[in-house]
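Descriptive analysis of the structure
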Amino acid sequence: MGIAAFNLAQPDRAEACLRESASLDRVIGDRWGLMYASTYLGLTLIVKGNYEEAERLIIDAIEHMLVLGRRVIIPESFEGLVAVAAAKGENERAVLFAGAAEAIREVVGSMASPTLQSIRDGYLTRARSQLEAATFESLYDRGKAMPLDRIIELALSGGAPV
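One structure accompanies this document, and this report is about it. (Residues numbered from 1 in each chain as written. Predicted model: local features only at pLDDT ≥ 70, side-chain atom pairs only at ≥ 80, totals over all residues. Heavy atoms only, no water.)

When you go through the protein chain residue by residue, the secondary structure sums to nine helices and zero strands. The helix and strand sequence of the protein chain, counted from the amino end, reads α-α-α-α-α-α-α-α-α. The C-alpha radius of gyration of the protein chain comes to 15 Å, within 12% of the 15 Å expected for a compact globule of 162 residues. On the principal axes, the C-alpha backbone points of the protein chain span a range of 45 × 30 × 30 Å. Taking all 162 residues of the protein chain together, the buried fraction comes to 48%. Pairs at least 24 apart in sequence give 67% of the contacts found in the protein chain among residues at least 6 apart. Total accessible area computed for the protein chain in this model is approximately 7,800 Å², and 54% of it derives from carbon and sulfur atoms. The distance from the centre of the 17 positive side-chain charges to the centre of the 22 negative ones in the protein chain is 2 Å. (Helix = DSSP H or I, 4+ residues; strand = E, 2+ residues; numbered from the N terminus. Rg over C-alpha atoms; globule rule 2.2 N^0.38 Å. Buried < 20%, exposed > 50% of the residue type's maximum accessible area, 1.4 Å probe, protein only. Contact = heavy atoms within 4.5 Å. Areas by Shrake-Rupley, 256 points an atom, 1.4 Å probe, with all protein chains shown as cover. Lys, Arg positive; Asp, Glu negative; His and termini not counted. Charge placed at Lys NZ, Arg CZ, Asp CG, Glu CD.)

Written out as structure tokens, the structure reads:
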């Protein structure tokens, strides 16, 4: 229900459902469910302007993905990091994450929901406005070509792009 509420642009309902889901997933040890709940709770908190907790939850989701043996890679995590990085003024990182998320979507053949697409596009536009066009394109292409291990390392490090 939490993901559905997120996609219906109902952030208060999404937050309540996703917090409950994450809590239950922790109790039963469902890392898969916790990965999704953490990602979408993070995305919901971005909508609500709580970037610090959103980033922590999205990083937790990526760490759960690694424990699961990378059986699943969810581009939503990296799209959430686009928003967090742009909100923090880390425009280069935002663009790298956007390129990486697009590359993952191309590989797995998925599309972002209209709600997520709107959020990502808004923050990506913000990052684009702070960079020269050539720099933006170069970073985006670099993100698309970046090996998954490297983009994960960038996400977990919280540091500037290398």
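Within the secondary structure, Ile3 is located in helix α1 (residues 2–7). Overall, the relative accessible area of 30% leaves Ile3 in the partly exposed class. The residues touching Ile3, leaving out its near neighbours within four places in the chain, are Leu18 and Tyr40.

This part covers the environment of Ala5. The topology assignment puts Ala5 in helix α1. Along the chain, Ala5 and Leu18 lie 13 residues apart, while their C-alpha atoms are 9.3 Å from each other. Excluding residues within four positions of it along the chain, Ala5 makes contact with Gln10, Arg13 and Ala14.

The next subject is the environment of Lys88. Looking at the secondary structure, you find Lys88 in the loop between α5 (75–87) and α6 (91–108). By relative accessible area, which is 41% here, Lys88 ends up partly exposed. A sequence separation of 40 residues divides Lys88 from Lys48, and the C-alpha atoms of the two residues are 15 Å apart.

The next thing to look at is the packing of helix α2 (residues 11–28) against helix α3 (residues 31–47). Packing of α2 against α3 leaves a shortest axis separation of 9 Å and a crossing angle of 155°. Accordingly, the angle class assigned to the pair α2 and α3 is roughly antiparallel. Remark: the crossing between α2 and α3 carries left-handed chirality. Two secondary-structure elements touch here, α2 through Pro11, Ala14, Glu15, Leu18, Arg19, Ser21, Ala22, Asp25 and Arg26 and α3 through Gly33, Leu34, Ala37, Tyr40, Leu41, Thr44, Leu45 and Val47. Classifying every residue of the contact of α2 with α3 gives ten nonpolar, three polar and four charged. (Axes fitted to C-alpha atoms, helices over the stretch in contact; angles between N-to-C directions. Parallel < 35°, antiparallel > 145°, perpendicular 65-115°, else oblique. Left-handed = near helix turned anticlockwise from the far one by under 90°. Nonpolar A, V, L, I, M, F, W, Y, C, P; charged D, E, K, R; others polar.)

This part covers the packing of α6 against helix α7 (residues 114–129). In the contact formed by α6 and α7, the axes pass within 9 Å of each other and the chain directions differ by 140°. Remark: the crossing between α6 and α7 carries left-handed chirality. Residues Asn91, Ala94, Val95, Ala98 and Arg105 of α6 lie in contact with α7, whose contacting residues are Leu116, Leu124, Arg126 and Ala127. In the contact of α6 with α7, the residues fall into six nonpolar, one polar and two charged.

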